[in-house]
Amino acid sequence: MWFLAALLLFLVPGCSTAQDAITGPNMVNGQEQSSLTVQCRYDSHWKNYRKYWCRGAVWKTCEILVKTYMEQLVKKDRVSIRDDQTDFIVTVTMEELRKSDAGIYWCEIERFGYNHKFKVNVNIDPGKKTFQNILGPAWVRGPEKGSVTIQCRYSSRWQAYNKWWCRGANWKTCRVLIRTTGSEKERTSGRLSIRDNWRENSLLVTMEMLRQNDTDTYWCGIEKFGTDRGTRVKVIVYPEGRDTMSSQLDSSMPTTDSNTHVISSDLYKRTHYILLAFLKVPALVILTGVVLWLKRSTRKVPEEQWRHTLSSNSDSEILDKDIAP
């Protein structure tokens, strides 16, 4: 009889103490483009049972994202899970968070009958506008038989990850030419060398003894579980002693070289001579004539007018004398 009662306690949801079998945080917050970690503790009795991380408001129909396998770390897409059977903790990590990741999740223990579970509410805050992956120059160019060095920068979170240099228009199918080995040690392969600088969070790739057929699309990449990260770099090799790309760029942009100044100076001189011949010289002649005419007209006062003025002045003096008492 006691066995039947224990079995009912084990199987019937209303009589279960499942909420005590596994516990965790009621709510966790993560920032967009970053990662978050959830730790759920369980009773030692459930040590050898599989655990999983499930998403959905209703636990019976939630979507299982990842399951444990003994104590090994298991990853699937952007989610990983690990069961620590010494401290009785299951740890779930969600990477590269997106706004759409917000929702209700469950830490669960898989067992016969009614699973033990704990609900976790995940909130995602908007992330800062900073690059979280890897960035590089849009293009680089170098002379035939010369060399170019490409510097790609990445977020500090990717320091210990392997990086690679790949060739091909499509990065998913490009051919990896050289890669790092999770350290800062420089590696070489033929005419290529690669070095990871963790202090500067930068990847340096050098291509030597360039050939014209090296002109192509390349990628700086980060090797990671799931989808790798990459940034495209166009490499252009121009014939030795002739920078064709520079000429094309110069022709499409305003220049301030000496030739432009010479052309502008010649044009100014020609314009000056034309104005001098057709406008300035005639204007000067006309102005000189006007000035001379004005001077002559002021000097030659008609004699009759002079005599009339003198006579008028004399009469005025006589009249004044007569009138005076």
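Basis of the calculations
Residues numbered from 1 in each chain as written. Predicted model: local features only at pLDDT ≥ 70, side-chain atom pairs only at ≥ 80, totals over all residues. Heavy atoms only, no water. Helix = DSSP H or I, 4+ residues; strand = E, 2+ residues; numbered from the N terminus. Buried < 20%, exposed > 50% of the residue type's maximum accessible area, 1.4 Å probe, protein only. Contact = heavy atoms within 4.5 Å. Areas by Shrake-Rupley, 256 points an atom, 1.4 Å probe, with all protein chains shown as cover. pLDDT = per-residue confidence, 0-100. Phe/Tyr/Trp six-rings, centres within 6.5 Å; stacked < 30°, edge-to-face > 60°. Pairing = 2+ DSSP bridges. 1 Å grid on protein atoms, 1.4 Å probe; cavity = no way out; pocket = protein on both sides within 12 Å on 5 of 7 lines; lining within 4 Å. Points joined across faces, edges and corners; volume = space filled by probe spheres on them. Nonpolar A, V, L, I, M, F, W, Y, C, P; charged D, E, K, R; others polar. Disulfide = S-S within 2.5 Å.

*Asks:* Can you tell me about the overall build of the protein chain, naming the residues and giving the values?
*Replies:* The secondary structure content of the protein chain amounts to 5 helices and 20 strands. Counting over 325 residues, the protein chain shows a buried share of 30%. Sequence-distant contacts in the protein chain: of pairs separated by 6 or more residues, those separated by 24 or more amount to 57%. Of the accessible surface of the protein chain, which amounts to about 21700 Å², a share of 54% is contributed by carbon and sulfur atoms.

*Asks:* For the confidence of the model for the protein chain, give the residues involved together with the corresponding values.
*Replies:* Of all residues in the protein chain, 70% have pLDDT values of 70 or greater, and the mean over the chain is 76. For residues 1–19, every residue scores under 50 in pLDDT, and the model assigns this stretch 17 contacts once sequence neighbours within four places are set aside. This model gives residues 244–269 a pLDDT under 50, and the stretch forms 10 contacts once residues within four places in sequence are excluded.

*Asks:* How would you summarise the packing of aromatic side chains if you had to cite specific residues and measurements?
*Replies:* When we look at a pair of aromatic rings, we describe it by the centre distance and by the angle of the planes. Enumeration over the complete set of coordinates arrives at 6 aromatic pairs. Between the aromatic rings of Trp46 and Tyr49, the centroid separation amounts to 4.9 Å while the plane-to-plane angle is 75°, which identifies the pairing as edge-to-face. Residue classification places Tyr49 among the partly exposed positions, given a relative accessible area of 32%. Seen in terms of ring centroids, Trp53 and Tyr105 are 5.1 Å apart; in terms of plane orientation they differ by 10°. Their pairing is stacked. With Trp53 in strand β4 (residues 51–55) and Tyr105 in strand β9 (residues 103–109), this residue pair connects regions lying 52 residues apart in the sequence.

*Asks:* Tell me about the sheet that holds strand β8 (residues 89–94), and please be specific about residues and values.
*Replies:* Pairing in this open sheet of 5 strands is antiparallel, and the strands run β1-β3-β8-β7-β6 from one edge to the other. The open sheet has two free edges, formed respectively by β1 (22–23) and β6 (74–76), since each of these has just one partner strand.

*Asks:* Got a sec to walk through empty space enclosed by the protein? Specific residues and values, please.
*Replies:* For the structure shown, the criterion picks out 1 cavity of 30 Å³ or more. Reported here for the largest cavity is a volume of approximately 70 Å³. Its residues assigned to classes, the lining of the largest cavity comprises 4 nonpolar, 2 polar and 5 charged.

*Asks:* Go over the state of the cysteines, please, and point to the residues and values.
*Replies:* The term disulfide refers to a covalent linkage connecting the sulfur atoms of a pair of cysteines. Using the criterion set out here, one finds 4 disulfides in the structure. At a sulfur-sulfur separation of 2.0 Å, the disulfide partner of Cys152 is Cys220. Across the S-S bond linking Cys152 and Cys220, the dihedral sits near 65°, which makes this disulfide right-handed. Taken together, the positions of Cys152 in strand β13 (residues 148–154) and Cys220 in strand β19 (residues 216–222) put the pair 68 residues apart, joining distant regions of the chain. One exposure class covers both Cys152 and Cys220, and it is buried. Between the sulfur atoms of Cys166 and its disulfide partner Cys174 the distance amounts to 1.7 Å. Its torsion about the S-S bond being 120°, the disulfide of Cys166 and Cys174 is classed as right-handed. On the basis of relative accessible area, Cys166 is assigned to the buried category, the value being 0%. With a relative accessible area of 13%, Cys174 lands in the buried category.

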